[in-house]
Amino acid sequence: MKRIFKIFLILVLIFSDQAFGQNISDGLNYSSNSLEGTARFNSMSGAFGALGGDLSAIAVNPAGSAVFNNGHFSLSFGSDKKANQASLLNSSNSFDKKNITLNQIGGIINFENLDNKEKWNKLTLGITYNQSKNNFDEFSIFNISNNNSIDSYFLNNAQGLRLDQISAFENETITEAYVDIGNIYGYAHQQAFLGYESFILEPNDFSDDNSSYYSNVPAGTFNQSYRSISRGYNGKLTANIGLQYNKNIFFGINLNSHFIDFDNYTILNETNNNVEPGQFGINQIYFENRLSTFGEGFSAQFGVISKISDVIRFGFSYDTPTWFEISEETRQYLETSMVNEDSEVSLLIINPNAINIYEDYTLQTPSKITVSSAFVFKNFGLFSFDYSRRDYSSMKFKPDNDNYFNDLNQEITYRLKEVNTLRIGAEILANKFSFRGGYMIEDSPYKSLNNEIPDIDNNIDESTSGFSLGLGYKMNQSTVDLSFVKLNKSKYKRLYDTGLTNQVNLKSRNTALTISISTIF
């Protein structure tokens, strides 16, 4: 029967089964940006919306390019360290990860109108690359004592599905069946297939139309270890146009090309001593998952900076949503250890050795507005303030005709809210030296829902705060800048999208050292 309807079901899969389990955390991960840029920009916590005159400042307010009086080029690289404290139930563990980063590279050229009668007296053109986010991260938790087994993940995916849709045919290999079931029925059926072929699941009836299952994992307490390893970068390539009107108003436009490169590898190992003598049961499960995400996107920015006086400046910028086209691939591996009625132990390996490639989908991130002010004191220094606001409840997964995405978008509207970000920066000049500092704080995107949704922590605080310090030295036409940034972040990660949905609490301390070399021409 399955073969008869195969062609029809493939068409259904292509047009309706777009998702394999995207969630709110994925959207926030692909939408959010880190504090990454030139050392001068970083050392003032990115509070450059009313200042300009820095290549990374263009990423905040595109009018900042028109503030340059000359052509400008800069290159920035550094070292990033993430120190994670991961906690789940009775367990916690610390982990550090370091890597080298290319923060930014770019330049602008400056065309001035020498005719003083013209009010539009400057045009700037620029191309810059800024790293938006460093995805290199890692954490582990060992010896978790949990009453919930990974078997609930496979059971939740299997319940209601026909047995002949989650099992291999006679003489069909694991790889052939895994690929065939995924192509015809989709992700949930594949997970049920893994659970059934590994003997985690048992059907109530071995008939083809059976749709009810129970677990061979005996109830009790489970010892679990979980590890997550992430790699990759998010970045943005920007083409900029800046204009100066009279001597005190600057305008700018950015056209941005974004990319996502994210690879996440998770391992769960679970053991138990719950199998009674003379009974059949599973006493160990080892489960690997790998997700590779690639995305390309587009956005635009519009900004203005106004010099109210020689001291006071104001800035305003608007970032359109970013429209990402995202591709995802997954790979899986499963081992189970079984104890039979004679207390003999055997190992079963389910290795499909196949890559699932899913239909592309679109993620629309929220737009953002930024208002800024700065006080510039000639030959002394400056103070600057940026305030920005993004409404994460407007984030959307598409296509609109996908039922899973419709449900997810409703959950986003219900659970997420507006995020306010405040950045403060200062710079003091002393001959050829510049001394800098900054502070930033960003709200959590999650609403406090007072535990209105079962099995999910509805009082999640994913806020960010931190400070920065920096030093600059000017040499003729060139400048060398150094910065130190320390950010404290909190984040929650569900182990799996269903069944074993315990949330890991991640408290991260990110420190970054950046060096920039810039020159004017």
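None of these values were measured; they are calculated from a predicted model.

Calculation notes
- Residues numbered from 1 in each chain as written.
- Predicted model: local features only at pLDDT ≥ 70, side-chain atom pairs only at ≥ 80, totals over all residues.
- Heavy atoms only, no water.
- Salt bridge = Lys/Arg side-chain N within 4 Å of Asp/Glu carboxyl O.
- Helix = DSSP H or I, 4+ residues; strand = E, 2+ residues; numbered from the N terminus.
- Buried < 20%, exposed > 50% of the residue type's maximum accessible area, 1.4 Å probe, protein only.
- Polar contact = N/O pair within 3.5 Å; in protein donor to acceptor, adjacent residues only side chain to side chain.
- Contact = heavy atoms within 4.5 Å.
- pLDDT = per-residue confidence, 0-100.
- Core = buried A, V, L, I, M, F, W, Y, C linked by side-chain atoms within 4.5 Å.
- Axes fitted to C-alpha atoms, helices over the stretch in contact; angles between N-to-C directions.
- Parallel < 35°, antiparallel > 145°, perpendicular 65-115°, else oblique.
- Left-handed = near helix turned anticlockwise from the far one by under 90°.
- Nonpolar A, V, L, I, M, F, W, Y, C, P; charged D, E, K, R; others polar.

Quick word on the pattern of salt bridges
- According to the stated counting rule, one finds 9 salt bridges in the structure shown.
- Here R40 and E427 are joined by a salt bridge, their closest N and O atoms 3.1 Å apart. Taken together, the residues span a long stretch of sequence, with R40 in helix α3 (residues 39–43) and E427 in strand β19 (residues 418–430) at a distance of 387 residues. For the residue pair R40 and E427, the accessibility class agrees, reading buried in each case.
- For R436, the salt bridge identified is with D481, shortest N-O distance 2.9 Å. Taken together, the residues R436 in strand β20 (residues 433–442) and D481 in strand β22 (residues 478–494) connect sequence positions 45 residues apart.

Concerning the side chain of N134
- Along the chain, N134 turns up in strand β3 (residues 120–134).
- Looking at N134, the relative accessible area reads 2%, which means it is buried.
- A polar atom in the side chain of N134 sits 3.5 Å from the side chain of D80.
- Separated by 3.1 Å, the side chains of N134 and N99 make a polar contact.
- Those residues in contact with N134 that lie beyond four places of it in its chain are S34, E36, D80, K82, N99, T101, G232 and Y233.

As for unusual backbone geometry
- The omega angle of the peptide bond from K398 to P399 is 25°, so this bond is cis rather than trans.
- Positionally, P399 belongs in the loop between β18 (396–398) and α7 (403–415).
- Backbone geometry places N171, a non-glycine residue, at a positive phi of 70°.
- On the secondary structure map, N171 appears in the loop between α4 (151–158) and α5 (174–184).
- Of note in this structure, N379 is not a glycine but carries a positive phi near 65°.
- Tracing the backbone through its elements, the reader meets N379 in the loop between β16 (368–377) and β17 (381–391).
- What makes N379 exposed here is its relative accessible area of 66%.

Considering the environment of S257
- One can find S257 in strand β9 (residues 249–271).
- Look at S257 and you get partly exposed, because its relative accessible area is 40%.
- A C-alpha to C-alpha distance of 5.1 Å links S257 and L237, two positions 20 residues apart in sequence.
- Discounting chain neighbours no more than four positions away, the residues touching S257 are G235, K236, L237 and G297.

Details of helix α6 (residues 187–197)
- Among the 11 residues of α6, 10 are classified as buried, and the element is accordingly described as predominantly covered.
- Taken residue by residue, α6 has Y187, H189, Q190, Q191, A192, F193, L194, G195, Y196 and E197 as its buried positions.
- Note on α6: the residue one or two positions beyond its end, F199, has a positive phi of about 70°.

Some points on the confidence of the model for the chain
- Mean pLDDT over the chain: 90, with 93% of residues reaching 70 or higher.
- Under a pLDDT of 50 for its full length, residues 1–18 has, in the predicted model, 31 contacts with residues more than four places off or in other chains.

Some remarks on the nonpolar core
- In terms of nonpolar packing, the biggest core is built from 43 residues, with I150, F154, L194, F287, L334, Y496 and V504 touching the most fellow members.
- The element best represented in this core is α6, accounting for 5 residues.
- The residues contacting F154, other than those within four sequence positions of it, are Q191, A192, L194, G195, I200, L201, F287 and L334.
- Counting residues in hydrophobic clusters, the runner-up holds 21 residues, among them Y30, F262, Y392 and I412.

Considerations on the packing of α5 against α6
- Close contact between α5 and α6 brings their axes to 8 Å; oriented N to C, the two are set at 150°. Taken together, the axis directions place α5 and α6 in an arrangement best described as roughly antiparallel. Here α5 runs over α6; the crossing is right-handed. Counting all contacts with α5, which are made through I174, A177, Y178, I181 and G182, the residues of α6 involved are H189, Q190, F193, L194 and E197.
- When its residues are assigned to classes, the contact of α5 with α6 shows 6 nonpolar, 3 polar and 1 charged.

A short note on the side chain of T238
- Relative to the helices and strands, T238 is located in strand β8 (residues 233–245).
- One polar contact links T238 to N256, side chain to side chain, over a distance of 2.7 Å.
- Setting aside residues no more than four positions away along its own chain, T238 makes contact with G126, I127, T128, N254, L255 and N256.

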